[in-house]
Amino acid sequence: MRFKRNTERTGRCPKKLQNAEKNKSVAKRSRLFLLIGFAFFINPVPLGLDLIPDVFGCIFIYFGLTQLAFFDGAVEKARKCIFYLFVVELFNLIFMRSVFLSDIGSNRLLAVTVFSILQGIVYVMAFRLLFSGISYFSMRNNCNQSLKKCDNTAFMTYLAFFVRIAATLIPELLA
């Protein structure tokens, strides 16, 4: 009854309902940013040429993790690791043209190997922190379904990203 009188008098929803709707829209936007960001990492990078630059994916993931970072410190550290990945991917993007146009196979192999090693290190750090933060948050808030799926999702994410690195590195080894 009180809610009805407040909305009749002011024509607006109470503050708590407005905040709940705002939080839902922020959560939807964060999830959208994360999905779009990870979509940039789907393609392999043959010959050092990245058609869909991963730098933009890092930016989307960084802003997508902002809301999750409030819930756990591990997710905040994962967000910092995504920034480090952004730096690695930015250097990769800067040197992409010279690596792709290089006629010397050993130079191209060296560049692709260095960037693959750096990406692998940062991927492991970021995903380990991210999934430990998500599993801690799920355990703390009694989200049993999310907790059950977290380990399998982490394994599949590691597998996908290291297959991507291998798909980038193996053609250079054969050349």
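Data block above holds the structure.
About the thresholds
- Residues numbered from 1 in each chain as written.
- Predicted model: local features only at pLDDT ≥ 70, side-chain atom pairs only at ≥ 80, totals over all residues.
- Heavy atoms only, no water.
- Helix = DSSP H or I, 4+ residues; strand = E, 2+ residues; numbered from the N terminus.
- Buried < 20%, exposed > 50% of the residue type's maximum accessible area, 1.4 Å probe, protein only.
- Contact = heavy atoms within 4.5 Å.
- Areas by Shrake-Rupley, 256 points an atom, 1.4 Å probe, with all protein chains shown as cover.
- Expected span 1.5 Å × (residues − 1).
- Bend = angle between axes of the 7 residues up to and from the residue.
- Core = buried A, V, L, I, M, F, W, Y, C linked by side-chain atoms within 4.5 Å.
- Axes fitted to C-alpha atoms, helices over the stretch in contact; angles between N-to-C directions.
- Parallel < 35°, antiparallel > 145°, perpendicular 65-115°, else oblique.
- Nonpolar A, V, L, I, M, F, W, Y, C, P; charged D, E, K, R; others polar.

Trainee: Mind showing me how you'd approach the overall build of the protein chain here?
Mentor: Secondary structure assignment for the protein chain yields seven helices and zero strands. Sorting the 175 residues of the protein chain into buried and exposed places 33% on the buried side. Sequence separation of at least 24 residues holds for 68% of the intrachain contacts in the protein chain that already meet a minimum separation of 6. Accessible area of the protein chain: about 11,500 Å², with a carbon and sulfur share of 68%.

Trainee: Sorry if this is basic, but what is going on with helix α5 (residues 73-100) here?
Mentor: Between its first and last C-alpha atoms α5 spans 39 Å; for 28 residues at 1.5 Å apiece the expected length is 40 Å, and the two agree. The largest bend along α5 reaches roughly 40 degrees and is located at I94. When we look at burial in α5, the residues that qualify are A74, V75, A78, R79, C81, I82, L85, V88, E89, N92, M96 and V99. In this structure, the buried side of α5 is in contact with α3 (54-64), α4 (66-69) and α6 (105-140).

Trainee: Would you mind going over the nonpolar core with me for this structure?
Mentor: A general trend in soluble globular proteins is that nonpolar side chains are found buried together. Judged by nonpolar contacts, the single largest core of 21 residues is most densely connected at F41, L65, I82, L85 and Y123. Counting only elements with at least two residues in this core, the list comes to α3, α5, α6 and α7 (144-174). By residue number, the principal contributor to this core is α6, which donates seven residues. Setting aside residues up to four positions removed in sequence, Y123 forms contacts with F41, L85, E89, Y158, F161, R164 and I165.

Trainee: Would you explain the packing of α6 against α7 in this entry?
Mentor: In helix packing, the relevant descriptors are the interaxial angle and the interaxial distance, both defined with respect to the helix axes. Contact geometry of α6 with α7 gives a least axis separation of 10 Å together with a crossing angle of 175 degrees. Considering their axes alone, α6 and α7 lie roughly antiparallel with respect to each other. Partitioning the contact of α6 with α7 into residue classes produces 17 nonpolar, ten polar and four charged.

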